[in-house]
Amino acid sequence: MQKRRESFKRLCKSVLLFSLVFINMIDTSSATTVAEQRPNGSSCTTVTKHLVILVHGLFGNDKELDYLRESMMEQASPGHHVLIYSAKCNLGKTTDGIENGGRRLAKEVKDQIEQIDDKVSLSFVGNSLGGLYARYAISILDWTDITPFVFCTIATPHLGTSNNTYISIPRWGEALVGAAMKETGEDLFSLNSIIEDMGTKEDFLKHLGSFQKRIALANCCGTDFQVPTRTAAFLSHESNYKHSPLPNKKQYFLSFETDPNQDYDKESISQSLDALGWTKIFLDVRNDIPLFSLPNPFYASISNELPSKIVLTSAELIPLVTAIGQSWTFPMGHTVSCANAKNNFTRWVNSNGQHIMDQLAEDLLSMMLPDAYYHQQDCVAN
């Protein structure tokens, strides 16, 4: 009986998938403003507050990362002040380019910081296009008396989408699609220089490099149609930048870090970003996607276990994290991995990805809460 129930549940989600696609494209409804949230109703008179900005992606809204926000607040320890704010400035405006969206975000973040009387440390979690908005915003923010802390992206197209689409298309096809997507499409398909500038110019890189921790989450195994693995983890076939494996966690597929103390090509976006030092987390959501899978006719046996060499270059890592495996799963990992909750329907369909966001929430809090930024002095519960 239990197996029948599970099968029926999976079938229902499959039937409703195509509705999800359209809803994800057109829904831009906003949520109730969450300017400040304190865990477990606690308050403190002497504290440096940690402000976390959640940034939605293309055609998204401020509820998109709601599950991550909820998980962080549930897991946060009493007495610690973690303020979580979901950006709203780009609601219904995600097609007018990275620069415009980034400038709006910078202003909104500035407005939020001005409402905080205490010292502030600042972190970002950008989903998809939201990661590029955040990267632009930090380059124009006034960082006086603000401590950059964690910069995290989830399935963000750091290399753009030119030559990084799920299905390869010719350059003239990219130009057509880019033009149809207006200014944002032109940016993503590198019909202008903004992706290259943000990935190679010092004015952008120095601010990104000032954060104490940089984390990039990327969907692997062919599960992300919108933002494939290579651009989300800024991997390149031409790059020999070394990636060292990290102890893995149950909710993650593989984790690597890049050491900033390596020689690199300053004209390469991939290597220039790697040289800042990142933790790269690869997610395998094949079992979390609520749809059927099909046999992969092009399957070639590639082990997911790390080879004896251990340290891998960017080029060597690509086949390990892009192999689809014996079966092909519908590539809707882009919304599943972040437990996209932009409306009640998407929250339900993407609910299988909540365990990933629970792990990310735990990781983020483990970096924030033990730090000297948080002082449990004179803290009382309301």
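Note that this is a predicted model, so its numbers are computed, not measured.

The next thing to look at is the packing of helix 3 (residues 66-75) against helix 15 (residues 354-368). At a minimum axis separation of 9 Å, helix 3 and helix 15 run at an interaxial angle of 50°. Considering the angle they form, helix 3 stands oblique to helix 15. Both helix 3 and helix 15 take part in a crossing whose hand is right-handed. Within the contact between the two elements, helix 3 uses Tyr-67, Leu-68, Ser-71, Met-72 and Gln-75 and helix 15 uses Gln-354, Met-357, Asp-358, Leu-360, Ala-361, Glu-362, Leu-364, Leu-365 and Met-368.

This part takes up helix 5 (residues 129-138). Taking burial as the measure, the 10 residues of helix 5 include 10 buried ones, the bulk of the element. Within helix 5, the full set of buried residues consists of Leu-129, Gly-130, Gly-131, Leu-132, Tyr-133, Ala-134, Arg-135, Tyr-136, Ala-137 and Ile-138.

Okay, the environment of Thr-322 next. Position of Thr-322 relative to the elements: it lies in helix 12 (residues 314-322). Its relative accessible area of 31% is what places Thr-322 among the partly exposed residues. A sequence separation of 102 residues divides Thr-322 from Cys-220, and the C-alpha atoms of the two residues are 5.6 Å apart. Only 2.7 Å separates the side chain of Thr-322 from the backbone oxygen of Ile-318, close enough to count as a polar contact.

The way to describe two aromatic rings as a pair is by their centre distance and the angle between their planes. Across all of its chains, the model carries nine aromatic pairs by this definition. Seen from their ring centres, Trp-143 and Phe-211 are 5.6 Å apart, and the 90° between their planes marks the pair as edge-to-face. Taken as a pair, Trp-143 in the loop between helix 5 and strand 5 (146-154) and Phe-211 in the loop between helix 9 (202-209) and strand 6 (213-219) lie far apart in primary sequence, 68 residues in all. For Phe-211, a relative accessible area of 2% translates into the label buried.

On to unusual backbone geometry, then. For residues besides glycine, phi is generally negative; the peptide bonds are generally trans as well. Non-glycine residue Ala-155 carries a positive phi angle of around 50°. Relative to the helices and strands, Ala-155 is located in the loop between strand 5 and helix 6 (171-180). Positive phi, normally seen in glycine, also occurs at Asn-163, with a value near 65°. Relative to the helices and strands, Asn-163 resides in the loop between strand 5 and helix 6. Assessed through its relative accessible area of 62%, Asn-163 is described here as exposed.

Let us look at the pattern of salt bridges. Taken as a whole, this structure holds 13 salt bridges when the rule is applied. Lys-49 is paired through a salt bridge with Asp-118; the nearest N and O atoms lie 3.5 Å apart. A residue pair is termed long-range when its members are at least 10 positions apart, and Lys-49 in strand 2 (residues 49-55) and Asp-118 in the loop between helix 4 (98-114) and strand 4 (120-127) qualify at 69 residues. Given a relative accessible area of 27%, Asp-118 falls into the partly exposed group. Across the pair Arg-347 and Glu-70 runs a salt bridge whose closest N-O atoms are separated by 2.8 Å. Of this pair, Arg-347 sits in helix 14 (residues 344-349) while Glu-70 sits in helix 3; the two residues are 277 residues apart in sequence, bridging distant segments of the chain. Residue classification places Glu-70 among the partly exposed positions, given a relative accessible area of 29%. Counted as one network, the salt bridges with shared partners bring together Asp-66, Arg-69, Glu-70 and Arg-347.

What follows concerns the pairing of strand 3 (residues 82-86). Where burial is concerned, most of strand 3 is hidden: five out of the five residues are buried. The side-chain alternation of strand 3 yields two buried faces, one formed by Val-82, Ile-84 and Ser-86 and the other by Leu-83 and Tyr-85. In this structure, strand 2 lies alongside strand 3, joined through five bridges in parallel fashion. Counterpart to Leu-54 in the pairing with strand 3 is Ser-86. Taken together, strand 2, helix 3 and strand 3 form a β-α-β motif whose crossover is right-handed.

The rules behind these values
Residues numbered from 1 in each chain as written. Predicted model: local features only at pLDDT ≥ 70, side-chain atom pairs only at ≥ 80, totals over all residues. Heavy atoms only, no water. Axes fitted to C-alpha atoms, helices over the stretch in contact; angles between N-to-C directions. Helix = DSSP H or I, 4+ residues; strand = E, 2+ residues; numbered from the N terminus. Parallel < 35°, antiparallel > 145°, perpendicular 65-115°, else oblique. Left-handed = near helix turned anticlockwise from the far one by under 90°. Contact = heavy atoms within 4.5 Å. Buried < 20%, exposed > 50% of the residue type's maximum accessible area, 1.4 Å probe, protein only. Polar contact = N/O pair within 3.5 Å; in protein donor to acceptor, adjacent residues only side chain to side chain. Phe/Tyr/Trp six-rings, centres within 6.5 Å; stacked < 30°, edge-to-face > 60°. Salt bridge = Lys/Arg side-chain N within 4 Å of Asp/Glu carboxyl O. Pairing = 2+ DSSP bridges. Right-handed = clockwise from strand over helix to strand, strands pointing away.

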